[in-house]
Amino acid sequence: LGYVESKYQPLAKNPSGATGAAQIKLARARDLVTWMGRSKWKANQEVQEILAMFWHGLRNDLLNLDLNVMLAAFELHHLRRRFGNDREIVHAAYNQGEGRIARCLEEGLPLPGRAIEFIARVRKATRRIYA
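Conventions we followed
Residues numbered from 1 in each chain as written. Predicted model: local features only at pLDDT ≥ 70, side-chain atom pairs only at ≥ 80, totals over all residues. Heavy atoms only, no water. Buried < 20%, exposed > 50% of the residue type's maximum accessible area, 1.4 Å probe, protein only. Helix = DSSP H or I, 4+ residues; strand = E, 2+ residues; numbered from the N terminus. Arc of directions from axis to C-beta. Contact = heavy atoms within 4.5 Å. Polar contact = N/O pair within 3.5 Å; in protein donor to acceptor, adjacent residues only side chain to side chain. Salt bridge = Lys/Arg side-chain N within 4 Å of Asp/Glu carboxyl O.

A separate point is helix 3 (residues 45-54). Within helix 3, burial applies to Val47, Ile50 and Leu51. Within helix 3, the buried residues cover an arc of 95° as seen down the axis, which keeps them to one side. Of the residues in helix 3, the exposed ones pointing more than 90 degrees away from the buried face are Gln45, Glu46, Ala52 and Met53. Looking at the buried residues of helix 3, the elements they touch are helix 2 (26-38) and helix 4 (65-83). For helix 3, the N-terminal capping position is held by Asn44, with its side-chain oxygen 3.0 Å away from the main-chain nitrogen of Glu46.

All right, on to the pattern of salt bridges then. Using the criterion set out here, one finds six salt bridges in the structure. Between Arg28 and Glu75 there is a salt bridge, and its shortest N-O distance comes to 2.9 Å. Of this pair, Arg28 sits in helix 2 while Glu75 is found in helix 4, placing the two residues 47 residues apart along the sequence. Residue classification places Glu75 among the buried residues on the basis of a relative accessible area of 7%. Between Arg82 and Glu98 there is a salt bridge, with the nearest N and O atoms lying 2.6 Å from each other. Of the two residues, Arg82 sits in helix 4 while Glu98 sits in helix 6 (residues 98-107), which places them 16 residues apart along the sequence. Among the charged side chains, a salt-bridge network with shared partners connects Arg28, Asp31, Glu75, Arg82 and Glu98.

What follows is the structure in structure tokens.
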């Protein structure tokens, strides 16, 4: 996912606001940090250390690779719990937003073209990495 989002570039910034190696937007990062504070992860010392050192609620905080990857992992964990083990749906939700993908699934609509393109890019990158 990191390769597809930014080619693993920790300082990547997208005009849309997506930031860091995993291309997380600030609003989503804020939600994730809030959720982490209410989850079992609030007791995890390493999680709390990373948040204490690197999270100040600013977009540039997401340029820290440790914080960025931790938030991306938490996001993927959240999406997997919501959508199950279908990696492609999880990846589509990561890229296009969980609400948009959930609506498509609930209404029996096809996934947005950009989601399908993203899934294909992740699939291709995965084959390249594991081949």
